[in-house]
Each structure stands twice: as structure tokens, then as C-alpha cells.
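# Structure at a glance
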Protein chains: 2
Amino acid sequence: MDAQLRIGIVGYGNLGQGVERSLAMNPDMTLVGVFTRRDPGSVSTIDPTVSVRRIEELDTLQDEIDVLILCGGSKSDLPEQTPALAARFSVVDSFDTHTRIPEHFAAVDAAARAAETTAVISTGWDPGLFSLQRLYGEAILPQGETYTFWGRGLSQGHSDAIRRVPGVAAGVQYTIPSDDAMARVRAGDRPALSTRDKHTRECFVVLEDGADQDAVREAIVTMPDYFEPYDTTVHIVSAEELARDHAGVPHGGFVIRSATTSEGVAQTVEFQLALESNPEFTASVLVAYARAAARLSVSGDHGAKTPFDIAPGLLSPKSPERLRAELL
Amino acid sequence: MDAQLRIGIVGYGNLGQGVERSLAMNPDMTLVGVFTRRDPGSVSTIDPTVSVRRIEELDTLQDEIDVLILCGGSKSDLPEQTPALAARFSVVDSFDTHTRIPEHFAAVDAAARAAETTAVISTGWDPGLFSLQRLYGEAILPQGETYTFWGRGLSQGHSDAIRRVPGVAAGVQYTIPSDDAMARVRAGDRPALSTRDKHTRECFVVLEDGADQDAVREAIVTMPDYFEPYDTTVHIVSAEELARDHAGVPHGGFVIRSATTSEGVAQTVEFQLALESNPEFTASVLVAYARAAARLSVSGDHGAKTPFDIAPGLLSPKSPERLRAELL
């Protein structure tokens, strides 16, 4: 890139903080500011010199920002924010409600085309990098099956469910790919597997004083939908242990394409993410796609885009010549 | 795609055969013919109804072929053929001499721009899919190291070296990623590793009558450059065993990005190929990129391209809408 890319962060939870960290590792980008719906005085950025402003102040900053990175949630923030902001800025989001992607794309595309901005939606890792692997696998090896396994990773929804069980003071839940299911897929068996076949669940629980360990365990493993259909393990731990060993937000998973290219000739493509911080990784993906959004916008390629539409080279700060010489 | 893509295969060794097999799995493509420098009567295609013609006959077929898939070797065929044919057709190759990619790109680009064709070079898996993983890993996680391991795979050059050892009747060599090196990389140690640190070598050898097993073993493991620097294992096998268990052309490997996104927070991205047939897999990649070449050519995006320049969605027969709904 010739000039510094000027980036704004919209929303400052775990994801926004991850974007701030990632921008510091990308010398071709400058953070213009964090924009929030909260009282700016209540927001502490990692670098205390970062400007924090009300989101309304974006109204006057169209000429000072190249790309906004949207760090809100997919449930209620992004369906509103992405189209509204794409009407004024090039943007990147990590919208991850798979079933609602077509309508989100349509709303963002209309806004971005009208405003001649570029809006990259559904970056991150699933949707995002996992989607890319599913696409490459299927396009290259049409005779096969694709399997997505999630974990080992902290599941917020299942952790919340544990904490609602009577007698539970605190707890976390990890989703874990089933060793058995992974082995069958890697062996080329191409089994039919549901989400419950592919995963097991592991819980670390702190009991309330006087709670009955067996009753808590039973209440968890028999909970319909959340745990009953799965092979679930419950570990009772101390509050200290929970704080020491389970404070992170790990996640990850696998995408495996198991295919054949002729009778009896198996070809297996496997992609794995092992992430110690899910939000910091997702943030890093957003930042790379912000670079692509800026380049597409400059080249006049407007409208909504997904990772499927972005040539990989656009993510890198290196020139095409350097990429060919160093990485091809 | 609306109309069938009309494909020609240039060169009919293992790779060309793999392309013929792959085309049969892609219903949006039609094989127009195989073009060869040999006597067409001496070439037996898998499907005996395929038209086999002399390469010179391409001169009259510009309006009947959308993309030529070039299946020659990188040493002497492709440096001549790709620019020459890109001057008349959109083409795809798997040029894999890493150090000569910049000059190959320049020659092909000049020819393709002048002729308004689209030429995708260096597809396959390394260069190709492995290159893409190196790029995505580095662009998303700038603070880290990327490791490429090859194998378990048959190495033609090392197999040839074994066969030149006195007393050896036949043999094959597999390059194997070192378990120890892989474990250190996955643990996030970010070790400095040379190619020899990362791989071990395993040989399966058939002795000539009366040959001294120990002398053969010693001659192999002490061979400079080829085996001496590596941890090498030599298995003496019968001719029957070699024919039964070692007739395939397996290959594959790993690309691992080991990185951090903040102090002490490790993020690991790992990509693995386990291929029972190296040429059939490479052929499958060429065919998917032929689809992209045709689309780029129709849209007026001419010149030389590499996998870095190709938006992933262009590889798939599915429409962008379907890809978003099904795979994102």
C-alpha cells in the first residue's frame, strides 16, 4: 500500500479490543478512533492514547476514514449497523448467523452499491476461513464429502446453560470434536454424521456451598438439547481452579474434505484452527479483510462482498510481485 | 455456468490422465480433445472415444476451445508451451519451479495481454494450495512463522538415486515429515528448521541377486546431499512386495502458521493434504482453475494470473448466491 490505511473501530467489546491489538501489528494501517454507543469516558482502550468517540461523530468523518471495522454482534447490532454504515463508508463485518446471510448480503449490497462503497461481510473463521476451505475442497474434489468439526472451544450458550443449574456457582463448557468421528472421516469412511455425532461436551463446574455433586452432574448430563444428546463429562473444580485454568476464550475446529479422484484413490484435505483467543483471531481476520475492502473500493469494485469474492492476494500488505517471489 | 466449458488437454502423461478423470466429474465441462507431440495413434486415453490429435492441430481450433489445460513438465515443456499457447488460448498450467516463477509469469503475462487471453500459472498444490495457505496465514497473523512440511510422499528424484546404487534392482523413497519437528511447531516453539530438520527419509529396496544387504544400506544412508544429512531408514523388500505395496504415487504435506495475537496468546493454523495420487490431485486443481480462467477471460480480465489473484468463488460451478447460502 502506498498511503496508510485509516481505520475506525465500531463497537469495543472483546472483538473491538482484538482489532485494536491486530492493527498495532499491521504497520500499513492507522487507527483513527474507536466509535461507541456508550459514554466514551467509560471506555478504556488498550493504548490509552486512542481517540474514543460517540458513534454519531462518524457523520463528519467520511473523508478521514478508509474502512470501518464493525465489531458488534450478529443478533441485533450488525443487521442494522452494516447497511447503515455501508451507506457512508467501506466496511467489514463478521456477521455469523449462517441462515440469515443471504438477507444480510442483500441489504448491505443495496446500501453499498448506492453509496459506491465496498462492504465485506461474514469474515472471521466460521463463516470465513472455514467457508473458504469448504469451497476450495468441494470445487477441487467434486466426488466427496465435507465435514466441519468445532472445538476444542468454549461455548458461551452452553456455559450459560450450566450456570442456570441449581447448585452451580460458576462453570464453563467446552465443545470437543469426537475422536471417533474424526478417525472415521480421516479414514475415508465418509460417514453420515449429525452435529451430535461429531462432538462431545466437557464441563468444568464450581458448586455452591452444600450443593449435591451427583445431583448437579445428573441435571447437566440430562438437560434436553444442550447436553442429553451428547457424550458429556462434568468435572467439579474449585473456584481457584476455574479462574486459573479456564479464563481464556479458546476455540477452533476442523474442516475435512474426504474425496476420491478415481476408483479407490482417496484424497484428504484437512484444515485446522487451534485458537487460544477466539475474539483476537476473528479480529485478525477482520483486519486483513479491511485491507482488501480498501483496495477494492479504490479500484471501483463496490457493493457487498464475502470472502468468496476476494482474491487472496488482496489480504496481504505485500505487492503481487513480492507475493509471487516469496510465497508462491 | 450457462454453456458447457470446452476444454483441451495438452500433454498426456500421468497429469493429463488425471485431468481426463477430473473432467468426467465436472458436468459443466466438455473435453474437446487431447493434443500431443507423440503419434496420436500411440496414445490410449481412459475413455477410448476421446479425440487424440497432434498439437499442431490446435492452430485451427481457437473458436472451439475455451481453455487449454497444460500438462507438460516444468523443466522444458511449460517455459515454452505456456507463453506460446497463451498467445492463442486461455490456459492453465502447474509450473512448479519456485525460483523461476517470476520470469515464467512475465513471459506468460506479455503473451496473454497481447492476445487478450487469461493464463493461470502455478496451480496445483505446491505451488498452489500450499501457497494460498502461506499467504492467508501470514496476512491474517503477521506475528508468526510459517512452516511447510512435505510428505508422506514419493520422491521421484530420491527414488532414482536409490536405483543407481550398485546392488539395487528396484526401489522407492518416501519423504516423511519429522514427528519431532512437527511437534515443536505445533507446540508454538517457532523453531528455526531447515528442510533437513523437517523431514526423514524411508526407502524400500529390492536387492539384485547376490547383493550385500549391509553394503547397499550403507551406500544409501551415506549418500551425500540425498540421504547423508537426513535420518534415513532402509527396508529390504521382495520384488512382489514392492509391486504390491509401493506402486502408487502418494504425496502431501502440511503448512502450519504458528503465531501470537497478544502476549502469550498462541494461534495455530494448520493445513494438511494426504493424497493417494499426487498427479490426480494436481489435475483436479488444474481443472477447477480452468473454470476460473474461462470466467475471467469472458469478463475481460486478461493476462497472467496465479492462485493469489483468483477469487475463490470463481473455482466453483455454483452461483455466488448458492455459495453464500450453502457454504458460507
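Figured I'd write up the structure that's included with this text.

Conventions and cut-offs
Residues numbered from 1 in each chain as written. Chains lettered and ligands numbered in written order. Predicted model: local features only at pLDDT ≥ 70, side-chain atom pairs only at ≥ 80, totals over all residues. Heavy atoms only, no water. Contact = heavy atoms within 4.5 Å. Salt bridge = Lys/Arg side-chain N within 4 Å of Asp/Glu carboxyl O. Helix = DSSP H or I, 4+ residues; strand = E, 2+ residues; numbered from the N terminus. Nonpolar A, V, L, I, M, F, W, Y, C, P; charged D, E, K, R; others polar. Pairing = 2+ DSSP bridges. Least-squares fit on C-alpha atoms with pLDDT ≥ 70 in both. Core = buried A, V, L, I, M, F, W, Y, C linked by side-chain atoms within 4.5 Å. Buried < 20%, exposed > 50% of the residue type's maximum accessible area, 1.4 Å probe, protein only. Axes fitted to C-alpha atoms, helices over the stretch in contact; angles between N-to-C directions. Parallel < 35°, antiparallel > 145°, perpendicular 65-115°, else oblique. Phe/Tyr/Trp six-rings, centres within 6.5 Å; stacked < 30°, edge-to-face > 60°. Lys NZ or Arg CZ within 6 Å of the ring centre and 35° of its normal.

### What about the interface of chain B and chain A?
Counting residues at the interface gives 64 residues for chain B, matched by 64 residues for chain A. Inspection of the region where chain B meets chain A yields two salt bridges. With a closest N to O distance of 2.8 Å, K318 of chain A and E138 of chain B form a salt bridge. Residue assignment for the side of chain B that touches chain A shows that the elements contributing at least two residues are helix 3 (101-115), helix 4 (129-140), strand 12 (251-262), strand 13 (265-275), helix 10 (278-298) and helix 11 (320-326) of chain B. When residues of the side of chain B that touches chain A are assigned to their parent elements, the largest contribution, eleven residues, is made by strand 13 of chain B. Its residues assigned to classes, the side of chain B that touches chain A comprises 34 nonpolar, 19 polar and eleven charged. Of the strand pairs in this sheet, strand 13 (residues 265-275) of chain A and strand 13 of chain B are connected by nine bridges, and their pairing is antiparallel. Directly across from F271 of chain A, in strand 13 of chain B, lies its bridge partner F271 of chain B.

### Describing the relation of the copies chain B and chain A
Once chain B is rotated about the relating axis by 180° and shifted along it by 0.0 Å, it coincides with chain A to within an RMSD of 0.0 Å. Here the transformation between the copies is reduced to the relation of a two-fold axis. When the interface residues of chain B are mapped onto chain A, 100% of them again fall at the interface, so both copies present the same face.

### Things to note about the nonpolar core
Core analysis: the largest hydrophobic core is formed by 146 residues, its most contacted members being F281 of chain A together with F281 of chain B. Leaving out residues up to four positions away in the same chain, F281 of chain A has contacts with W125, L129, L273 and L275 of chain A together with I140, L141, Q267 and V269 of chain B.

### Thoughts on the packing of helix 4 (residues 129-140) of chain A against helix 4 of chain B
Contact pair helix 4 of chain A / helix 4 of chain B: the axes reach a minimum separation of 13 Å and the direction vectors enclose 170°. With respect to helix 4 of chain B, the element helix 4 of chain A is oriented roughly antiparallel. On the side of helix 4 of chain A, the interface is formed by L129, L132, Q133, Y136 and I140 of chain A, while helix 4 of chain B contributes L129, L132, Q133, Y136 and I140 of chain B. When its residues are assigned to classes, the contact of helix 4 of chain A with helix 4 of chain B shows eight nonpolar, two polar and no charged.

### Details of the packing of aromatic side chains
Residue and element names in this part refer to chain A. Evaluation of the coordinates by the stated rule reveals six aromatic pairs over all chains. For the ring pair F130 and F271, a centre distance of 6.1 Å and an interplane angle of 80° mean the geometry is edge-to-face. With F130 in helix 4 and F271 in strand 13, this residue pair connects regions lying 141 residues apart in the sequence. Taken individually, F130 and F271 each receive the classification buried, so the pair is uniform in this respect. Among the aromatic residues, those joined into a cluster by ring pairs are W125, F130 and F271. It is R152 that lies over the ring of Y174; its NZ or CZ is 4.1 Å from the centre.

### Quick word on the environment of G253 of chain A
All names here are of chain A. Structurally, the position occupied by G253 is in strand 12 (residues 251-262). Separated by 18 residues in sequence, G253 and F271 place their C-alpha atoms 8.3 Å apart. Ignoring anything within four residues of it in the chain, the contact list for G253 reads F130, F149, W150, G151, F271, Q272 and L273.

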